[in-house]
Amino acid sequence: MQTAKQTRPLIILAGMSPEAPPVWVTHLRENLGTEYTFTHLNDRERTVSRLADDHAALILVDGDGDDPQFWTATPKASPATRRIPVFVVSDNADQRSTALLQGADLTLSPDDAIKDAPRLIKDFARMLDPAVMAQLECDCLEALPDLAKQGVEKFNAGEFYKQHDLFEELWMATDSPVRDLYRAILQVGIAYFQILRGNHRGARKMLLRSVQWLNILPDQCQGVDVNALREDSARVRAILETLSENDIDQFDKTLLQPVKWK
């Protein structure tokens, strides 16, 4: 268990044997050095309480290991742990797609995990300041600003580039933590714009960026159904995971759902 004296972010290794972890885990630990604390989690009965009590900063799941569905979906099913980022690493594209639908924040191949995970972990595995989160909760109770309403209207009309300009203006003018809401919608919208342009790589890149902001937001924020946006964009990422860059024209455009708000 993480103690009060332990200030390094805690990374949970799930669905894998402590005695024989995957090769990518060994490389990852070597690359990250002493910046993080790693521990294995195999106790299914106390999964949620253990993650919450230990203040886990990120969960790494072996998608080719022991029941990756359990280790992916269980943290995301509880309000106490759903904000903890979950990365699933698998050599199987279908398994990566399934993991996204089950709630994984990011999925990677073993090669990409070795190459990209150290950078991605630094982006995602942040210890959230309780004061900042309290301020975010308060901000989310306020009404959606007029500029954001205009941005949502453009988003929902399929004018994804125009929504970008509106949300970017608001994001730059906002100092409080709720600016992450505007940034998240902006990035999802640009990802959808890239899909319409046939830019598979650009779409996937923007969706990956949006996850870290969507992950920390409450399910409802300033009237926006963040949970729906989170789930809609995850479905889009899951489909992109199964398509090659040359097959982007086969993407089902009806999956580009509007932002739900009231």
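Scroll up to find the structure this text is about.
Definitions and limits used
Residues numbered from 1 in each chain as written. Predicted model: local features only at pLDDT ≥ 70, side-chain atom pairs only at ≥ 80, totals over all residues. Heavy atoms only, no water. Helix = DSSP H or I, 4+ residues; strand = E, 2+ residues; numbered from the N terminus. Rg over C-alpha atoms; globule rule 2.2 N^0.38 Å. Buried < 20%, exposed > 50% of the residue type's maximum accessible area, 1.4 Å probe, protein only. Contact = heavy atoms within 4.5 Å. Areas by Shrake-Rupley, 256 points an atom, 1.4 Å probe, with all protein chains shown as cover. Lys, Arg positive; Asp, Glu negative; His and termini not counted. Charge placed at Lys NZ, Arg CZ, Asp CG, Glu CD. Disulfide = S-S within 2.5 Å. Salt bridge = Lys/Arg side-chain N within 4 Å of Asp/Glu carboxyl O. Core = buried A, V, L, I, M, F, W, Y, C linked by side-chain atoms within 4.5 Å. 1 Å grid on protein atoms, 1.4 Å probe; cavity = no way out; pocket = protein on both sides within 12 Å on 5 of 7 lines; lining within 4 Å. Points joined across faces, edges and corners; volume = space filled by probe spheres on them. Nonpolar A, V, L, I, M, F, W, Y, C, P; charged D, E, K, R; others polar. Axes fitted to C-alpha atoms, helices over the stretch in contact; angles between N-to-C directions. Parallel < 35°, antiparallel > 145°, perpendicular 65-115°, else oblique. Left-handed = near helix turned anticlockwise from the far one by under 90°. Expected span 1.5 Å × (residues − 1). Bend = angle between axes of the 7 residues up to and from the residue.

Draft legend 1. Geometry of the overall build of the protein chain. A count of helices and strands for the protein chain gives eleven helices and seven strands. By the compact-globule yardstick of 18 Å for 262 residues, the protein chain fits well, its C-alpha radius of gyration being 18 Å. In terms of overall dimensions, the protein chain has a C-alpha envelope of 55 × 45 × 30 Å along the principal axes. Within the protein chain, the proportion of its 262 residues that are buried is 52%. Partitioning the intrachain contacts of the protein chain with sequence separation of at least 6 by distance along the chain shows that 70% fall at a separation of at least 24. Here the protein chain displays about 12,300 Å² of accessible surface, and carbon together with sulfur accounts for 49% of that area. In the protein chain, which carries 30 positive and 39 negative side-chain charges, the distance between the mean positions of the two groups comes to 3 Å.

Draft legend 2. Spotlight on the state of the cysteines. Taken as a whole, this structure holds one disulfide when the rule is applied. Not engaged in a disulfide, the cysteine Cys138 finds its nearest cysteine sulfur in Cys140; these two sulfurs lie 9.4 Å apart. A residue is classified by how much of its surface remains accessible, and Cys138, at 48% relative accessible area, is partly exposed.

Draft legend 3. Broad picture of the pattern of salt bridges. Counting across every chain of the model gives 17 salt bridges. We note a salt bridge from Lys154 to Glu159, for which the minimum N-O separation is 3.5 Å. You can call Lys154 partly exposed: its relative accessible area is 28%. For Glu159, a relative accessible area of 30% gives the class partly exposed.

Draft legend 4. View of the nonpolar core. Residues Leu181 and Tyr192 are the most contacted members of the largest nonpolar core, which totals 38 residues. If you list the elements that add at least two residues to this core, you get α6 (130-140), α7 (146-156), α8 (160-173), α9 (179-196), α10 (200-214) and α11 (226-242). In terms of residues, this core owes the most to one element, α9, which gives ten residues. When sequence neighbours within four positions are dropped, the list of residues in contact with Tyr192 reads Phe155, Phe160, Leu207, Asp232, Ser233, Val236, Leu256 and Gln257.

Draft legend 5. View of empty space enclosed by the protein. Within the structure shown, the criterion is met by one cavity of 30 Å³ or more. In this structure, the largest cavity spans a volume of roughly 60 Å³. Here the element with the most residues in the lining of the largest cavity is α11; it accounts for three residues. A class-by-class count of the residues in the lining of the largest cavity yields four nonpolar, one polar and three charged.

Draft legend 6. A look at the environment of Leu170. Relative to the assigned elements, Leu170 resides in helix α8. For the pair Leu170 and Gly151, spaced 19 residues apart in sequence, the C-alpha separation works out to 9.4 Å. Residues contacting Leu170, with those up to four places away along its chain left out, are Pro145, Leu147, Ala148 and Tyr182.

Draft legend 7. Layout of the side chain of Arg230. For Arg230, the location among the structural elements is in helix α11. On the accessibility criterion, Arg230 (17% relative accessible area) is buried. Excluding its chain neighbours within four sequence positions, the residues that come into contact with Arg230 are Arg82, Leu214, Asn215, Leu217, Pro218 and Asp219.

Draft legend 8. Local environment of the packing of α9 against α11. One can describe the packing of α9 onto α11 by two numbers: an axis separation of 12 Å at closest approach and a directional angle of 30°. Between α9 and α11, the angle falls in the class roughly parallel. Between α9 and α11 lies a crossing whose hand is left-handed. Here Leu181, Ile185, Val188, Tyr192 and Ile195 of α9 lie close against α11, whose contacting residues are Val226, Leu229, Asp232, Ser233, Val236 and Leu240.

Draft legend 9. Geometry of the environment of Glu231. Mapped onto the fold, Glu231 is located in helix α11. A sequence separation of 129 residues divides Glu231 from Gln102, and the C-alpha atoms of the two residues are 9.6 Å apart.

Draft legend 10. Local environment of helix α5 (residues 110-124). With 15 residues, α5 should cover 21 Å at 1.5 Å per step; its first-to-last C-alpha distance of 18 Å lies more than 12% under that length. Asp116 marks where α5 bends most, by close to 60°; the proline Pro118 follows one to four residues later. Buried within α5 we find Pro110, Ala113, Asp116, Ala117, Pro118, Leu120, Ile121 and Phe124. Tucked into the core, α5 has its buried residues touching β1 (10-14), α1 (23-32), β3 (56-62), β4 (86-89), β5 (106-108) and α10.

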